[in-house]
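Descriptive analysis of the structure
Residues per chain, in single letters:
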Amino acid sequence: MKRDYYEVLGVSKNADIDEIKKTYRKLAMQYHPDQNPGNKEAEEKFKEAAEAYSVLSDSDKRRKYDQFGHADTGSGGFQFDPNQFADFQDLFGSDIFANLFGGLFGDVFGGRRRSSDGRERGSDLQIELRLPFKDAVFGVDEKEIEIPRLEACGSCSGSGCASGTHPVVCPQCHGSGQVVMRQSFFHVTVPCSRCQGKGKTIQSPCSECRGEGRLQNKSKVRFKIPAGIDSGQRLRLLGEGTAGRSGGGNGDLYIAFNVERDSLYERDGIDLHRILEVPWPLLVLGGDFPVETLYGQENLKIPAGTQGSQKMRIANAGVPRLKGNGRGDLVLHVSVIVPKKLTNEQESSVRQLLESMAPSVKTEEVSLFSKLLSGDKSKKKKKKQ
Ligand SMILES: [Zn+2]
Ligand SMILES: [Zn+2]
């Protein structure tokens, strides 16, 4: 007997479409063949849930099902149409769709990733690469990393056959790679279990890879990191992913960058920011000030009367543009240096300056004032008085 669709999804008869989607998504993840390799029961549950979802998510089919039950949800049976699953992309998001449901079309319902002669493109891989700040700014001519991946077996060149032998036509599906399964109203074409949809079987498997044609390996990959790369950006290395099967092409390898922070510079796209400490008389009078940049020393012209919170820019001392020429700016955030110790001469000059600017303030008062403010002890003393 066929189970009730609501029971299959574990929702009530009044469940709305959002609840149905949510519950189905959970079940599909749980029973997906990629998560349960070789588990027939999980595969059946997966198909059962997919069937229930295809009916309950369609308001017209759902109404008919509510009225007549299993007897009238289709013309005599339920046929899987891979195109019907286009809305999976909407349901699961495009990334999960690519990773998880590449397997769905290829392995359960046949088609798409695996071609009729059993050729299958290898899956794409992605690794995250932490990159020191300066490597990201200047780029690296040749970076080498080691990645674990499935590679074509060297002994049989990926054919899976022992040397001197060849694959033969599968006796179960006669080379088509597919068989039709029937369960009451439910007809579905699935890849042949004998040859896993390849249409051919290997009689004397390669001893190295046991007929799989691929082996888990660790390989060094070399590539160039362009100057100006930033966190969140990816490089795609064609054909450096998982090896294909039976002559199918390799997948690609994506390098996702994670750039480390720097103690001095803060990066904002192609601009760099840093604090620039300047002695206060120079801000008052203006003048030249040498500044170290990533590209060598620059002479910064500080205008007279520059304020402590002001920003100044050195053009072209930032991060190179990934596409195109030139670089961003170095933005300097001015911070005032106030000396803690002065010589007698300096102190008298400053006092003179202060008196000239604020004639009403007596220097004795100033020094008394600064004593009162200089520490907690003096504050407390004042309160007691
Ligand atoms: Zn082999
Ligand atoms: Zn077969």
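Residues numbered from 1 in each chain as written. Chains lettered and ligands numbered in written order. Predicted model: local features only at pLDDT ≥ 70, side-chain atom pairs only at ≥ 80, totals over all residues. Heavy atoms only, no water.

**A few points about the overall build of the protein chain**
A tally of regular secondary structure across the protein chain gives 11 helices and 16 strands. When each of the 385 residues of the protein chain is scored for burial, the buried share is 35%. Accessible surface computed for the protein chain: about 23600 Å², of which carbon and sulfur atoms make up 49%. (Helix = DSSP H or I, 4+ residues; strand = E, 2+ residues; numbered from the N terminus. Buried < 20%, exposed > 50% of the residue type's maximum accessible area, 1.4 Å probe, protein only. Areas by Shrake-Rupley, 256 points an atom, 1.4 Å probe, with all protein chains shown as cover.)

**Quick look at the packing of helix α3 (residues 40–56) against helix α4 (residues 59–68)**
In the contact formed by α3 and α4, the axes pass within 6 Å of each other and the chain directions differ by 105°. Here α3 is positioned roughly perpendicular relative to α4, judged by the angle of their axes. Within the contact between the two elements, α3 uses S54, V55 and L56 and α4 uses K61, R62 and Y65. Counted by class, the contact of α3 with α4 contains 3 nonpolar, 1 polar and 2 charged residues. (Axes fitted to C-alpha atoms, helices over the stretch in contact; angles between N-to-C directions. Parallel < 35°, antiparallel > 145°, perpendicular 65-115°, else oblique. Contact = heavy atoms within 4.5 Å. Nonpolar A, V, L, I, M, F, W, Y, C, P; charged D, E, K, R; others polar.)

**Description of the coordination of the zinc ion (ligand 2)**
Angles between donor atoms at a metal ideally measure 109.5 degrees for a four-coordinate tetrahedral arrangement and either 90 or 180 degrees for a six-coordinate octahedral one. Protein ligation of the zinc ion (ligand 2) involves C170 (SG), C173 (SG), C192 (SG) and C195 (SG), the donor distances falling in the range 2.2 to 2.3 Å. Coordination geometry of the zinc ion (ligand 2): the 4 donor atoms subtend angles of 101 to 114° at the metal centre, consistent with an arrangement described as tetrahedral. All donors of the zinc ion (ligand 2) come from a single chain, and their spacing in sequence reads C-x2-C-x18-C-x2-C. Here C173 is found in the loop between β4 (168–169) and β5 (178–183), whereas its partner C192 is found in the loop between β6 (186–191) and β7 (200–201), with 19 residues between them in sequence. Like C192, C173 is buried. (Donors = N, O, S within 2.8 Å, 3.2 Å for Na, K, Ca; no water. Tetrahedral: all angles 85-135°; square planar, octahedral: opposite > 155°, others 65-115°.)

**Quick look at the coordination of the zinc ion (ligand 1)**
Around the zinc ion (ligand 1), the protein contributes the donor atoms C153 (SG), C156 (SG), C206 (SG) and C209 (SG), at 2.2 to 2.4 Å from the metal centre. Every donor counted, the 4 donor atoms about the zinc ion (ligand 1) form angles of 104 to 116° at the centre, which fits tetrahedral coordination. In the primary sequence, the donor residues of the zinc ion (ligand 1) line up as C-x2-C-x49-C-x2-C. Taking relative accessible area as the criterion, C153 reaches 1% and is therefore assigned buried. Since its relative accessible area comes to 7%, C156 is described here as buried.

**A word on the confidence of the model for the protein chain**
Predicted confidence across the protein chain gives a mean pLDDT of 81, with 79% of residues reaching 70 or more. Per-residue pLDDT stays below 50 along residues 73–112; that stretch engages in 91 contacts with residues further than four places along the chain or on separate chains. Predicted confidence is poor over residues 376–385, with pLDDT under 50, and the contacts of this stretch with residues over four places away or in other chains come to 4 contacts. (pLDDT = per-residue confidence, 0-100.)

**Concerning the side chain of D252**
Mapped onto the elements of the fold, D252 is located in the loop between β9 (234–237) and β10 (253–259). A residue is classified by how much of its surface remains accessible, and D252, at 4% relative accessible area, is buried. Within the structure, the side chain of D252 is placed 2.9 Å from the backbone nitrogen of G239, a separation counted as a polar contact. Non-local contacts of D252, meaning those with residues more than four positions away in its chain, are made with R121, S123, D124, L125, R236, L237, L238, G239, E240 and G241. (Polar contact = N/O pair within 3.5 Å; in protein donor to acceptor, adjacent residues only side chain to side chain.)

**Considerations on unusual backbone geometry**
At S157, a position not held by glycine, the phi torsion is positive, near 55°. Examined against the element boundaries, S157 turns out to sit in the loop between β3 (140–152) and β4. A positive phi angle, close to 55°, is found at H174, a residue other than glycine. Topologically, H174 is positioned in the loop between β4 and β5. You can call H174 exposed: its relative accessible area is 65%.

**Describing the environment of T242**
Along the chain, T242 falls in the loop between β9 and β10. Look at T242 and you get buried, because its relative accessible area is 7%. Each C-alpha atom, one on T242 and one on D252, is 7.3 Å from the other, the two residues being 10 residues apart in sequence.

**Re the side chain of R245**
Residue placement: R245 occurs in the loop between β9 and β10. Relative accessible area serves as the criterion here: at 17%, R245 is assigned to the buried category. A polar contact is formed between the side chain of R245 and the side chain of E212, at a distance of 3.0 Å.

**Regarding the packing of helix α2 (residues 17–31) against α3**
Following both chains from N to C, one finds α2 and α3 inclined at 165°, their axes separated by 9 Å at the closest point. Considered as vectors, α2 and α3 are oriented roughly antiparallel to each other. For the crossing formed where α2 meets α3, the hand is left-handed. Contacts from I17, I20, K21, Y24, L27, A28 and Y31 of α2 reach α3 at A42, K45, F46, A49, A50, Y53 and L56. (Left-handed = near helix turned anticlockwise from the far one by under 90°.)

**A closer look at the environment of T189**
With respect to the element layout, T189 can be found in strand β6. Judged by its relative accessible area of 27%, T189 falls in the partly exposed class. Between the alpha carbons of T189 and V179 there is a distance of 5.7 Å; along the sequence they are 10 residues apart.

**Details of the sheet that holds β9**
One open sheet accounts for 3 strands, arranged β2-β10-β9; its pairing is mixed. Bordering the open sheet on either side are β2 (125–131) and β9, each of which pairs with just one other strand. With direction set aside, neighbouring strand axes in the sheet form an average angle of 25°. As paired strands, β2 and β10 are joined by 7 bridges and run parallel to one another. Bridging from a neighbouring strand, L131 pairs with V259 of β10. (Pairing = 2+ DSSP bridges.)

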